[in-house]
Number of protein chains: 2
Amino acid sequence: MVAQRGRRNGAAAHKRTRGGATPDADNAPTAEIPAVAENGADPEVRAKSIPEAAVARLAVYLRILSAMAEQGATTVSSEELSTAAGVNSAKLRKDLSYLGSYGTRGVGYEVAVLVGQIERVLGLTRQHKVAVVGIGNLGHALANYGGFPGRGFPVEALFDIDPDLIGVPVGGIPVTHLDDIPQVCADRQISIGVIATPPAAAQTVCDRLVEGGVQCILNFAPVVLQVPEHVEVRKVDLAVELQILSFHVARRADNEPNGKVAESTVAGNGAVLQS
Amino acid sequence: MVAQRGRRNGAAAHKRTRGGATPDADNAPTAEIPAVAENGADPEVRAKSIPEAAVARLAVYLRILSAMAEQGATTVSSEELSTAAGVNSAKLRKDLSYLGSYGTRGVGYEVAVLVGQIERVLGLTRQHKVAVVGIGNLGHALANYGGFPGRGFPVEALFDIDPDLIGVPVGGIPVTHLDDIPQVCADRQISIGVIATPPAAAQTVCDRLVEGGVQCILNFAPVVLQVPEHVEVRKVDLAVELQILSFHVARRADNEPNGKVAESTVAGNGAVLQS
DNA sequence: CCTTGTGAATTAATTCACAGCT
DNA sequence: AGCTGTGAATTAATTCACAAGG
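Residues numbered from 1 in each chain as written. Chains lettered and ligands numbered in written order. Predicted model: local features only at pLDDT ≥ 70, side-chain atom pairs only at ≥ 80, totals over all residues. Heavy atoms only, no water.

Turning our eyes to something else, we now look at the overall build of chain A. Tallying secondary structure elements over chain A gives 8 helices and 10 strands in all. Looking at chain A residue by residue over its 275 residues, the buried ones come to 49%. Look at the contacts in chain A between residues 6 or more apart in sequence, and 56% of them connect residues 24 or more apart. Carbon and sulfur atoms make up 52% of the accessible area of chain A, which totals about 12700 Å². (Helix = DSSP H or I, 4+ residues; strand = E, 2+ residues; numbered from the N terminus. Buried < 20%, exposed > 50% of the residue type's maximum accessible area, 1.4 Å probe, protein only. Contact = heavy atoms within 4.5 Å. Areas by Shrake-Rupley, 256 points an atom, 1.4 Å probe, with all protein chains shown as cover.)

Below, the structure written as structure tokens:
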């Protein structure tokens, strides 16, 4: 059907360079997979083309499932899991179906199996070394996470420009100067760079990370980064988040002219809910 | 079975209460406006139903436009602005069209006009008082932003559970105990609550914020919050962001198999490489 | 000529609804 | 009986492409 031609891989050089990606709705170009992947390596149905939106939710399911496993649960139904994740069960099942068919009809899913499959699809069986750039308030907080979510994302390098910080260990790792980013990232095989610098420094830092071979960037600076197209950027933007909330407040105020309605909510305004 | 049992508010059995929202693609139920709005209030074309995705981008455009204005630019074309924002120009124009028609064909847009219109639509002409809960590393960082993005989001209350912190001013504001959340939020008319607590505390804190009349929550805790449906939740989830990046790394590795399988990459053994 | 603004076309994401298996 | 898995239907978001207007 769609013959999705057009995407030229060769030189292309379309300066796509999109690096924006609001934590919200922007970051979502759909993770199309070129459909190639003949592989033949895996007996399982290799991931074919999981929608980006589903990927984000799978990560959420994974966390919930891990918690359930820790509490001793061995199986879970789509209804339970979807409720815990705040989505509806049809969406959840559709999302899980991208993993393959690991449920048992009439019963549900085995928690351990789902955990394993989600980890596989998200690539969490590999390790992804992280570098944090900008050891201010936020960078400090990030560095102290010490090996981010669970294991799998060890922080292996810290960078800042402040001479007083260079060499000082934060969360066990000594801070290196910004100038050494390319070198150190290349040496330590950093795969994810986290930018927590002031906005003015962000693009330069980004360029150096790319120079050092970093392919993925998580950007906390309120700047739209320009990157070559093989680099993946995700953005966490506080200002944008707050402004989106502001929009919703304003919208509510516009629609519901009078001041309060408090909890008449529930069935009250059918307008806002989905179906 | 973790908790989800008690979440029944009112009748409505499964009435949603979504609070998840991955910073990415999850947070995006499309900001449909109830269509009611007989309006008749504004001479301008009142916001009719801006797509959620567009709202997020408008916030980005706003920042870029503000920077341009500061540099003395007075007009801008869709091409320029879209490049700076990392989107294509058609999308940009479509987004701006939700504001009304403020461009001049053959010329472009007046920067100042766009800034004003975006601020209007995002509700940035109001003030939104913010409370930060959880004054750890992250909360500290947030509190010190002191009046978040530019103006319009003053931090007016800080909360924590640690007795050593109570009363201590952070960024000029004394920390109050978690127990006083409902009271203080109601008194100070807080409209946005930021949750930066450990995951275990997040739901309780959330409940108290809601009790205090807070309608919007920005959640940094890795937990899916359950909230009544009139409350808007946005989530910033570090783990999810990293896992999405991980997914893209894996995807690339699968598609672009330089060597065959190269080094023990794909699944198989959990322990890959050193640590 | 410009560049905007927008219907129409396309593509992605979500939801429905039910067949199929346990 | 019950729950998964998934085509089909629906709804949202993006992109195209060009008429309209300075």
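Picking up after the structure, the text goes on.
With respect to topology, 7 strands assemble into an open sheet ordered β6-β7-β5-β4-β8-β9-β10 (chain A), the strand pairing being mixed. The two strands at the open ends of the sheet, each matched to only one other strand, are β6 (169-170) and β10 (232-235) of chain A. Here strand β5 (residues 155-160) of chain A pairs with strand β7 (residues 173-177) of chain A via 3 bridges, running parallel. The residue of β7(A) that forms the bridge with F159(A) is T176(A). Along the sheet, helix α6 (residues 181-188) of chain A makes contact with β4 (130-133), β5 and β7 of chain A, crossing β5(A) at roughly 180 degrees. Across the sheet, helix α8 (residues 238-255) of chain B is in contact with β8 (192-195), β9 (216-219) and β10 of chain A; its angle to β9(A) comes to roughly 160 degrees. (Pairing = 2+ DSSP bridges. Axes fitted to C-alpha atoms, helices over the stretch in contact; angles between N-to-C directions.)

With that settled, the discussion passes to the sheet that holds strand β10 (residues 232-235) of chain B. An order of β6-β7-β5-β4-β8-β9-β10 (chain B) is seen for the 7 strands of this open sheet, with the pairing classed as mixed. At either margin of the open sheet sits one strand with a lone partner, and together these are β6 (169-170) and β10 of chain B.

What follows deals with the environment of V214(B). Residues and elements named next belong to chain B. With respect to the helices and strands, the residue V214 is situated in the loop between α7 (199-211) and β9 (216-219). For V214, a relative accessible area of 1% gives the class buried. Considered as a pair, V214 and Q189 are 25 residues apart in the sequence and their alpha carbons are 8.0 Å apart. In this structure V214 touches C185, I190, S191, I192, G193, L209 and V231, once residues within four positions along its chain are discounted.

To continue, consider helix α6 (residues 181-188) of chain B. Taken together, the buried positions of α6(B) are occupied by I181(B), P182(B), V184(B) and C185(B). Where α6(B) is buried, its residues contact β4 (130-133), β5 (155-160), β7 (173-177) and α7 of chain B.

Moving on: the pattern of salt bridges. Residue and element names in this part refer to chain B. A full pass over the atoms with the stated rule returns 12 salt bridges over all chains. A salt bridge links D95 to R57; the nearest nitrogen and oxygen atoms lie 2.6 Å apart. Of this pair, D95 sits in helix α3 (residues 89-97) while R57 sits in helix α1 (residues 52-70), and the two are 38 residues apart along the sequence. Per residue, the accessibility class of D95 equals that of R57, and both read buried. (Salt bridge = Lys/Arg side-chain N within 4 Å of Asp/Glu carboxyl O.)

Let us now look at the nonpolar core. In this structure, Y61(A), L65(A), L158(A), Y61(B), L65(B) and L158(B) are the most contacted members of the largest nonpolar core, which totals 110 residues. Apart from residues no more than four positions distant in its own chain, Y61(A) is found in contact with A85(A), V87(A), L92(A), D95(A), L96(A) and I118(A). (Core = buried A, V, L, I, M, F, W, Y, C linked by side-chain atoms within 4.5 Å.)

Looking now at the side chain of Q117(A). Residues and elements named next belong to chain A. Of note, Q117 is situated in helix α4 (residues 111-122). Given the relative accessible area of 13%, Q117 is considered buried. Non-local contacts of Q117, meaning those with residues more than four positions away in its chain, are made with L99 and Y102.

Residue and element names in this part refer to chain B. Neither face of strand β8 (residues 192-195) is exposed, since I192 and V194 on one face and G193 and I195 on the opposite face are all buried. Of the pairings in the sheet, the one linking β4 to β8 comprises 4 bridges and is parallel in character. The residue of β8 that forms the bridge with V130 is I192. Direction of pairing for β8 relative to β9: parallel, over a ladder of 4 bridges. In the strand pairing of β9, G193 is matched with I217. The β-α-β motif built from β8, the intervening α7 and the parallel element β9 has right-handed crossover chirality. (Right-handed = clockwise from strand over helix to strand, strands pointing away.)

All names here are of chain A. Direction vectors running N to C along α6 and helix α7 (residues 199-211) enclose 40 degrees, while the axes themselves pass 7 Å from each other. Between α6 and α7 lies a crossing whose hand is right-handed. Across the interface between the two elements, I181, P182 and C185 from α6 touch V205, R208, L209 and E211 from α7. Here the residues of the contact of α6 with α7 are counted per class, giving 5 nonpolar, no polar and 2 charged. (Left-handed = near helix turned anticlockwise from the far one by under 90°. Nonpolar A, V, L, I, M, F, W, Y, C, P; charged D, E, K, R; others polar.)

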